[in-house]
Every structure is written in C-alpha cells, then in structure tokens.
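# Understanding the architecture of this molecule
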Amino acid sequence: MALVAGLLVGRFVVAPDRAGADAPAPGLVTVPVAFGALSNDVTIRGEVGYADSVEVTLDTSAISGPAVVTGQVPGIGSELGPLGIALEIAGRPVIVLPGELPAYRTLRIGVSGPDVVQFKQAARAVGLDAGDPAGDVFDRTAADAVTALYTQAGYPAPAPEEGAEEGVLAAQDSVRAAEQAVAAAQAELASARNGPSAVDVRAADNAVASAQRALDAALATTPDDPVTIGDLRDSLALAQLQRQALAAPADTSGQRAQLSAAQTQLGQAREGLTRAQQAVLPSLPAGEVLYLGQLPRRVDAVEAKRGAVLAGAAMTVSGATLGLSGTVAAADARLLSPGMAASFELPDGADQAATITEVTPGEGDEARWTVHLEPAPLTPEQVTQLQGANVRVGIPVGATDGEVLSVPLAALSAGPGGESRVEVVDGDPREGDRADTHLVVVETGLAADGAVEVRPVDGDLVEDDLVVVGR
C-alpha cells in the first residue's frame with residue numbers, strides 16, 4: 001500500500017511541478033527552403049504484357065471433308081503480318097490481312113456490304129488494287145485482286161464451283177442460237193417492209209391487161225354472149241384488186257412480234273452467260289482469310305497441330321509489342337491523356353520511359369479507369385524479364401520548368417490582403433522566443449507531395465533559409 005501511494009504521489013503531484021520547472025522554453029519548428037525540380041505524379045501499378053490477346057477461330061464449314069491441318073503451323077513467339085499464312089487447312093492457306101471485322105461469308109461477284117469494303121481497304125494496304133473502297137460491291141476488279149492475292153501468297157486462287165465451266169459453254173451456245181433466231185426474224189421483217197418485187201408487180205399488170213383484152217374481144221363479138229362477158233368482167237375486177245393490193249403498205253406486225261420475241265430470248269441468254277462467266281471468277285472463301293487489327297501480331301499459344309482435325313480455336317495471338325496497363329481512380333484519370341510521358345522501374349533498377357496510349361473510362365461514375373501505356377524500345381532480354389511483371393508507374397501530371405524554391409504547405413500563411421507569406425528565421429531557432437523572424441510575401445506555384453513552389457515578391461528568400469512551420 002505504501003508503494004502504491006508513493007507512485008501516485010510521484011506521478012500526479014510531484015512530477016508536474018518538477019516538469020514545469022525543468023522543461024525548456026518552447027521553440028520554433030522550422031524547415032529549410034528547398035531548391036530543385038518539383039513534380040506532381042499519379043502513381044499506378046501496371047501489368048506488363050502483350051496487349052489485345054485474342055483467340056483465333058477459323059470458318060471450316062465450306063471445306064468438303066475433314067478440316068485437317070496440313071502445314072504452316074506457326075511457332076509460339078512468331079509474328080503474323082500482312083499477307084502472312086496463319087495456317088494451312090486441307091492444302092489451302094489462311095491468309096492474314098489487316099482488318100477488324102471477322103470474315104463471315106464468301107465474297108463473290110455481286111455481294112455487297114461492309115466486309116467488301118474491308119477487303120478493298122486491306123488489299124490497298126498490301127499494294128493490291130481491288131477497286132475503290134468507297135464502293136461496297138464485290139466486282140470484277142475485286143475478283144482480279146483475289147487472284148493477285150493468292151499469287152503473292154504462293155497458292156492457286158480458289159477453284160470455281162463444280163460445273164461452273166460447263167455452264168459457261170452451255171450459256172455461250174444459248175447466246176449463239178438466240179443470235180441466229182434474231183437474224184432470221186430481222187430478215188423476214190426487212191423482206192416484208194420492202195413490198196412486192198418488180199416481177200410480182202409486172203405479173204399483176206400483165207394479168208390486168210390480159211383480162212381487159214379478153215373482155216374487149218368478147219364485147220366485140222356478135223351476137224353477145226352474156227355469160228362469157230360476165231365471167232370476163234369478174235376476171236378483170238379480180239386482177240385489178242390484186243394489183244391494188246400489191247401497192248398497199250405491207251402489214252409487218254407478225255414479223256415485228258417474231259423479232260421482239262427473238263430479241264428477248266437473246267437478252268436472257270446474254271444475262272445467263274454473264275452469270276455463268278461470273279461463276280468462274282475467283283471468290284474469297286471466309287475460311288481462307290484471317291483479318292487481324294494492329295498487325296503484326298505475336299503468337300502466344302497454338303492449339304492446331306499438323307495432321308490433326310482443327311476443332312475450336314486454332315491459336316491465341318496478341319499485339320506484337322509489349323504494353324503496360326493499370327487502373328486509376330476516376331479523379332486521377334481525368335488528369336491523364338494519351339501522349340503523356342510516364343516512367344517505370346526495370347528489374348536492374350533503371351528507369352524506363354513510357355507513353356500513355358489510351359485512357360478508358362470504367363463502367364459507372366465510381367469505377368476505376370484503365371490506363372494503357374507503351375514502353376520505350378526494350379532489348380529482348382528486358383522484354384523477357386518484364387513479361388507478366390507488375391511494376392510501379394509514375395506519371396507526372398505537373399512539373400516546374402527547371403529547379404525552383406519550395407517550402408512545405410504548412411509554412412504558408414495568409415496576409416491581411418489575402419497574399420501568401422512565409423515566416424523566415426533571422427537567428428538561431430534553438431534560441432526559442434528570442435529568435436527573430438520576418439515575413440516574406442511569396443507567389444505560389446505547383447504543389448506536389450506536401451510542398452509548394454514559392455517565388456519571393458516582397459523580401460528575400462534563398463535556398464536553406466529556415467521557415468517556420470510551427471511553434
């Protein structure tokens with residue numbers, strides 16, 4: 001009990017008085033003015049890897065038989081570029097072209113749509129003329145480009161459908177027969193329009209004259225024979241009517257109708273020939289072209305095996321260049337934009353530069369945003385070391401133009417006019433209240449990491465001057 005009482009007395013009665021008597025007088029809390037570059041950074045954690053990883057699937061529905069992989073299987077780490085061969089299936093190539101829209105149908109004469117536009121753009125990108133990309137119709141020029149495409153790839157163009165060549169020959173025979181029918185109808189119409197020949201006209205005139213003479217002779221005979229004279233008058237009237245009929249305009253309606261029917265048949269035959277000729281022009285099967293964006297692409301994994309039937313994804317590809325990606329809060333993301341510089345630490349401790357390529361908003365107001373960056377060129381050894389690593393990335397969002405004076409934010413105070421001031425120590429701050437100080441009006445600049453850039457406006461301020469941050 002005596003021990004407890006002694007401790008209580010010493011703690012709460014004697015100690016405070018002694019502490020008050022022995023404690024030193026309160027002094028100034030100061031820090032020196034710094035001089036150097038000042039920057040404000042957004043810091044994120046970034047995953048290093050090849051961007052835009054996608055699984056490659058191929059349309060093998062048009063293949064008659066099993067989709068056996070026969071060659072051109074790429075190795076992991078290889079690159080697929082424009083006009084490259086991604087795979088060979090049943091002896092046919094899968095040609096790589098630049099584009100974002102997957103191939104979903106065979107392109108042949110007459111089809112139209114955005115996939116045709118993409119093919120024309122891709123052909124132009126690899127130096128082939130497939131026609132104006134502004135037109136979305138697959139025409140003869142586009143078909144010719146398919147032939148050139150396969151020639152560059154080292155494969156024959158896709159063969160036409162079975163029976164297509166025989167269809168051309170049959171269509172050509174139909175056109176010839178229709179042309180002959182039109183020629184015959186035209187000849188008949190021309191003959192009808194020309195009227196009777198000179199021989200027919202002369203024969204009709206002779207018949208009228210002969211009938212007239214016979215009637216005149218009968219009238220001169222005595223006694224008259226009424227029956228004979230009547231028959232002769234009838235014969236003369238008939239001869240005259242026949243002569244008049246030769247002089248009337250010819251009726252060619254039958255010949256014109258026959259010619260029109262022959263011409264219609266000829267037009268149909270020519271249309272059939274055009275379709276038959278188009279059927280033998282090269283087409284681009286959906287299963288023989290692979291559109292990939294941002295070529296070249298790196299092969300990350302290969303599921304296809306030579307000699308095996310292709311089922312499911314053939315391979316996985318990604319961007320051919322190493323990329324960085326991380327997330328950041330929405331408030332910080334609004335400070336970032338494509339083209340801004342950044343840096344991260346390499347495994348050996350050196351700093352490596354990077355550039356922001358894309359800032360993607362999250363789904364929702366509070367969701368984190370995704371930041372994509374592209375590192376400066378790396379050596380193959382650095383790429384191997386960094387792939388799959390998680391690194392700290394610093395992104396300066398504000399920086400001073402060279403070295404500047406800076407003080408802690410706590411050193412600033414507001415003057416009567418709202419101006420910013422710092423309290424500068426004249427003597428030794430260890431002297432406590434006896435140390436002299438004076439105020440220097442400053443203009444503030446960039447604030448970063450608890451410090452702020454200051455420029456003296458009224459008074460002097462230099463590096464290592466002591467400024468008061470507390471008492």
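The rules behind each value
- Residues numbered from 1 in each chain as written.
- Predicted model: local features only at pLDDT ≥ 70, side-chain atom pairs only at ≥ 80, totals over all residues.
- Heavy atoms only, no water.
- Helix = DSSP H or I, 4+ residues; strand = E, 2+ residues; numbered from the N terminus.
- Buried < 20%, exposed > 50% of the residue type's maximum accessible area, 1.4 Å probe, protein only.
- Polar contact = N/O pair within 3.5 Å; in protein donor to acceptor, adjacent residues only side chain to side chain.
- Contact = heavy atoms within 4.5 Å.
- 1 Å grid on protein atoms, 1.4 Å probe; cavity = no way out; pocket = protein on both sides within 12 Å on 5 of 7 lines; lining within 4 Å.
- Points joined across faces, edges and corners; volume = space filled by probe spheres on them.
- Core = buried A, V, L, I, M, F, W, Y, C linked by side-chain atoms within 4.5 Å.
- Pairing = 2+ DSSP bridges.
- Expected span 1.5 Å × (residues − 1).
- Axes fitted to C-alpha atoms, helices over the stretch in contact; angles between N-to-C directions.
- Salt bridge = Lys/Arg side-chain N within 4 Å of Asp/Glu carboxyl O.
- Parallel < 35°, antiparallel > 145°, perpendicular 65-115°, else oblique.
- Left-handed = near helix turned anticlockwise from the far one by under 90°.
- Nonpolar A, V, L, I, M, F, W, Y, C, P; charged D, E, K, R; others polar.

## Topic: the side chain of Arg298
Inspection of the secondary structure puts Arg298 in strand S10 (residues 297–302). Residue classification places Arg298 among the buried positions, given a relative accessible area of 16%. Among the polar contacts made by the side chain of Arg298, one reaches the side chain of Asp300 at a distance of 2.6 Å. Contact partners of Arg298, with chain neighbours within four places excluded, come to Tyr50, Gly77, Ser78, Glu79, Thr316, Val317, Ser318, Gly319, Ala320 and Gln387.

## Description of empty space enclosed by the protein
Taken as a whole and judged by the stated rule, the model has 1 cavity of 30 Å³ or more. One number sums up the size of the largest cavity: a volume of about 60 Å³. For the largest cavity, the full set of lining residues is Pro102, Ala103, Tyr104, Arg105, Leu107, Asp115, Gln118, Leu284, Pro285, Ala286, Val289 and Tyr291. Contributions of two or more residues to the lining of the largest cavity are made by helix H2 (114–125) and strand S9 (289–292).

## What to know about the nonpolar core
Ranked by size, the top nonpolar core spans 26 residues in total, and within it Leu97, Leu107, Phe119, Phe138, Leu149, Leu284 and Tyr291 carry the most contacts. Secondary structure elements with two or more residues in this core: strand S8 (92–98), H2, helix H3 (140–153) and S9. Considering each element in turn, this core owes the most residues, 7 residues, to H3. If sequence neighbours within four positions are ignored, Phe119 has contacts with Leu97, Leu107, Ala130, Phe138, Ala142, Ala145, Val146, Leu149, Leu284 and Tyr291. With 25 residues, the next largest nonpolar core counts Ala354, Val359, Val371 and Val393 among its residues.

## Details of the pairing of strand S17 (residues 404–408)
The buried fraction of S17 amounts to 4 of the 5 residues, a majority that puts the element mostly inside the structure. Here S17 runs beside strand S21 (residues 451–458); their pairing, made up of 3 bridges, is antiparallel. Note on S21: the bridge partner recorded for Ser406 is Glu453.

## Notes on H3
Since the α-helix advances by 3.6 residues per turn, residues separated by three or four positions end up pointing in the same direction. Spanning 14 residues, H3 covers 20 Å between terminal C-alpha atoms, matching the ideal 20 Å at 1.5 Å per step. Those residues of H3 hidden inside the fold are in contact with strand S7 (85–89), S8 and H2. The N-terminus of H3 is capped by Asp139, whose side-chain oxygen sits 3.3 Å from the backbone nitrogen of Thr141. Once H3 finishes, Gly154 follows within two positions and takes phi at roughly 85 degrees, a positive value.

## A look at the sheet that holds S9
Strands in a sheet are paired, the pairing made by backbone hydrogen bonds, and the direction either parallel or antiparallel. Across the sheet, 4 strands lie side by side as S5-S7-S8-S9; this open sheet has mixed pairing. This sheet does not close on itself; its edge strands, each paired only once, are strand S5 (69–71) and S9. If you compare each strand with its neighbour and ignore which way they point, the axes differ by 35 degrees on average. Across 2 bridges, S5 lies against S7 in antiparallel orientation. The residue bridging Gly71 from the neighbouring strand is Glu88, located in S7. Set on the sheet, H2 makes contact with S8 and S9; between it and S8 the angle comes to about 85 degrees. Most of the contacts of H3 go to S8, to which it runs at about 105 degrees, and overall it touches S7 and S8.

## Describing the pattern of salt bridges
Taken as a whole, this structure holds 9 salt bridges when the rule is applied. Arg105 serves as the salt-bridge partner of Asp115, at 2.6 Å between the closest nitrogen and oxygen. Of this pair, Asp115 sits in helix H2 while Arg105 sits in the loop between S8 and H2, and the two are 10 residues apart along the sequence. Note on Arg105: relative accessible area 28%, which makes it partly exposed. The shortest N-O distance in the salt bridge between Glu453 and Arg455 comes to 2.7 Å.

## Looking at the packing of helix H5 (residues 198–220) against helix H6 (residues 226–247)
It is the contact of H5 with H6, at a shortest axis distance of 9 Å, that shows an interaxial angle of 160 degrees. Compared by their axis directions, H5 and H6 come out roughly antiparallel. By crossing handedness, the relation of H5 to H6 is classed as left-handed. Where H5 abuts H6, its residues Asp200, Val201, Ala204, Asp205, Ala207, Val208, Ala211, Gln212, Ala214, Leu215, Ala218 and Leu219 lie against Ile229, Leu232, Arg233, Ser235, Leu236, Ala239, Gln240, Arg243 and Leu246. A per-class count over the contact of H5 with H6 returns 14 nonpolar, 3 polar and 4 charged.

## So, unusual backbone geometry
Cis geometry is adopted by the peptide bond preceding Pro296, which originates at Leu295 and carries an omega value of 0 degrees. With respect to the helices and strands, Pro296 occurs in the loop between S9 and S10. Of note in the backbone geometry, Gln72 takes a positive phi value of approximately 60 degrees without being a glycine. Within the secondary structure, Gln72 sits in the loop between S5 and strand S6 (79–80). For Gln72, a relative accessible area of 42% translates into the label partly exposed. For Asp464, which is not glycine, the phi torsion reads 75 degrees and is therefore positive. Here Asp464 shows up in the loop between S21 and strand S22 (466–470).

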